[in-house]
Amino acid sequence: MDTSIASKKFKEQLIKNVKKEVKQIMEEAVTRKFVHEESGSITSLCAAVEACLSQGLRRRALGLFKTSSTTALLHKMAKNFEPASIISLKVQEMENSDPNSGDSCTTRAASVNSTLTGSITLPNVHPPPLTKKNSAGSGLGPSSITLPKYLWIRLALFEKLLAVIIDHLVQNCSKYYEKDSLVADPDYGSILSSLLGNYVCVC
C-alpha cells in the first residue's frame, strides 16, 4: 500500500512539473512577447516531458538502440506510426550529419533553425516570435551550432506532433510501459497529452 501511495505521489509530482513549465511559457510569452527557440523554459518543459515518458518505460520493449530510452521509444514507434516516423527521420538526419564535412555545420545549422523556427502560441496570447541564436550581430557563426537537449521532444513540439505522439503512447501503453507507469495510468496519461495538446500550440 505504501508503495502504491508513493508511486501516485511521484506521478502527481511529474504532472505538476509539466503544468509548472507550461505556465512558465505562458508567462514568458505575455511578458516578453516572444519565446526563444532555445529558451530555458522550452528546455525545462522538454525535460519535464522526458521525465514523464521515462517513468515506467519497459526497456526490453525498445530493442537495441544506441541512444536514450525515450529516443529509442520514438524510433520504435516510427515503424508503425507516421507522426513518430516524421520526427524520427528528422532526428536521424541531424544526428548523422558528417562532422568531417566542410558543410556539416552549415547544414546542421540550417536544419535546426528551419525545423525549430516558429513560435509558441497559447490561449488568448498573441503569437510570440522566436528569436534566433545566430541573428545578426550575435557574433556566432554556424560552427557554434550544437544539437539541443531533448532533441526529439523539442522537434515534436515545434512540429505540432508531441501531443499526438503522447496520445498514441497512452492508447498503446501496454506495448511500451509497465502497468503502474504514468503513461499507462488512465488519469495521468490523459492529463499529460491534454496539457500539451490544449495549452501549448506551436505555430
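Residues numbered from 1 in each chain as written. Predicted model: local features only at pLDDT ≥ 70, side-chain atom pairs only at ≥ 80, totals over all residues. Heavy atoms only, no water.

Enquirer: Before we move on, can you summarise the overall build of the chain with the specific residues and values?
Expert: Looking only at helices and strands, the chain has 9 helices and 2 strands in total. Overall, the chain shows an N-to-C arrangement of helices and strands of α-α-α-α-α-β-α-α-α-α-β. Across the 203 residues in the chain, those meeting the buried criterion constitute 45%. For the chain, the exposed area adds up to about 10,800 Å²; of that, 52% sits on carbon and sulfur atoms. (Helix = DSSP H or I, 4+ residues; strand = E, 2+ residues; numbered from the N terminus. Buried < 20%, exposed > 50% of the residue type's maximum accessible area, 1.4 Å probe, protein only. Areas by Shrake-Rupley, 256 points an atom, 1.4 Å probe, with all protein chains shown as cover.)

Enquirer: Got a sec to walk through the packing of helix α3 (residues 69-78) against helix α4 (residues 82-95)? Specific residues and values, please.
Expert: At a minimum axis distance of 8 Å, the contact between α3 and α4 shows a crossing angle of 125 degrees. Regarding the angle of α3 to α4, the classification is oblique. Here α3 runs over α4; the crossing is left-handed. Each of Leu-74, His-75, Met-77 and Ala-78 in α3 lies in contact with α4, whose residues at this interface are Ala-84, Ser-85, Ile-87, Ser-88, Val-91 and Gln-92. In the contact of α3 with α4, the residues fall into 6 nonpolar, 4 polar and no charged. (Axes fitted to C-alpha atoms, helices over the stretch in contact; angles between N-to-C directions. Parallel < 35°, antiparallel > 145°, perpendicular 65-115°, else oblique. Left-handed = near helix turned anticlockwise from the far one by under 90°. Contact = heavy atoms within 4.5 Å. Nonpolar A, V, L, I, M, F, W, Y, C, P; charged D, E, K, R; others polar.)

Enquirer: Kindly report on the environment of Ala-51, identifying the contributing residues and their values.
Expert: In this fold, Ala-51 is placed in helix α2 (residues 40-54). On the basis of relative accessibility, which here comes to 32%, the residue Ala-51 falls in the partly exposed class. Residues Ala-51 and Leu-14, 37 residues apart in the sequence, show an inter-C-alpha distance of 7.1 Å.

Enquirer: So what's going on with the packing of α2 against helix α6 (residues 151-158)? Which residues, and what values?
Expert: Following both chains from N to C, one finds α2 and α6 inclined at 110 degrees, their axes separated by 9 Å at the closest point. One finds that α2 runs roughly perpendicular with respect to α6. The interaxial crossing formed by α2 with α6 has right-handed handedness. Of α6, the residues touching α2 (which contributes Ile-42, Thr-43, Leu-45, Cys-46, Val-49, Glu-50 and Leu-53) are Trp-152, Ile-153, Arg-154, Leu-157 and Phe-158.

Enquirer: Could you give an account of the pattern of salt bridges, naming the residues involved and the relevant values?
Expert: Summed over all chains, the structure comprises 2 salt bridges. For Lys-90, the salt bridge is made with Glu-159, and the minimal N-O distance between the two is 4.0 Å. Placement of Lys-90 in helix α4 and of Glu-159 in the loop between α6 and α7 (162-171) is noted, with a sequence separation of 69 residues between them. For Lys-90, a relative accessible area of 23% corresponds to the partly exposed category. We classify Glu-159 as partly exposed; its relative accessible area is 28%. (Salt bridge = Lys/Arg side-chain N within 4 Å of Asp/Glu carboxyl O.)

Enquirer: Please give an account of α3 that cites residues and values.
Expert: Of all 10 residues making up α3, 8 are buried, and the element is well covered by its neighbours. Along α3, the positions that sit buried rather than exposed are Thr-70, Thr-71, Ala-72, Leu-73, Leu-74, His-75, Met-77 and Ala-78. Those residues of α3 hidden inside the fold are in contact with α2, α4, α6, α7 and α8 (173-176).

Enquirer: Tell me what's going on with unusual backbone geometry, and back it up with residues and numbers.
Expert: For residues other than glycine, phi is negative in most cases, and the peptide bonds are mostly trans. Its identity as a non-glycine residue notwithstanding, Tyr-150 has a phi of 55 degrees, on the positive side. The residue Tyr-150 is located in the loop between β1 (120-121) and α6 in this model. Looking at Tyr-150, the relative accessible area reads 26%, which means it is partly exposed.

Enquirer: Tell me about the nonpolar core, and please be specific about residues and values.
Expert: In this structure, Leu-53, Ile-87, Trp-152, Ile-165 and Leu-192 are the most contacted members of the largest nonpolar core, which totals 45 residues. Listed by contribution, the elements that provide at least two residues to this core are α1 (2-32), α2, α3, α4, α6, α7, α8 and α9 (188-198). Other than its neighbours up to four places away in sequence, Ile-87 contacts Leu-74, Trp-152, Leu-155, Ala-156, Glu-159, Leu-161 and Ile-165. (Core = buried A, V, L, I, M, F, W, Y, C linked by side-chain atoms within 4.5 Å.)

Enquirer: Go over the side chain of Asp-185, please, and point to the residues and values.
Expert: In this structure, Asp-185 sits in the loop between α8 and α9. Among the residues examined, Asp-185 registers a relative accessible area of 15% and is labelled buried. Apart from the residues lying within four places of it in its own chain, the contact partners of Asp-185 are Lys-11 and Ser-190.

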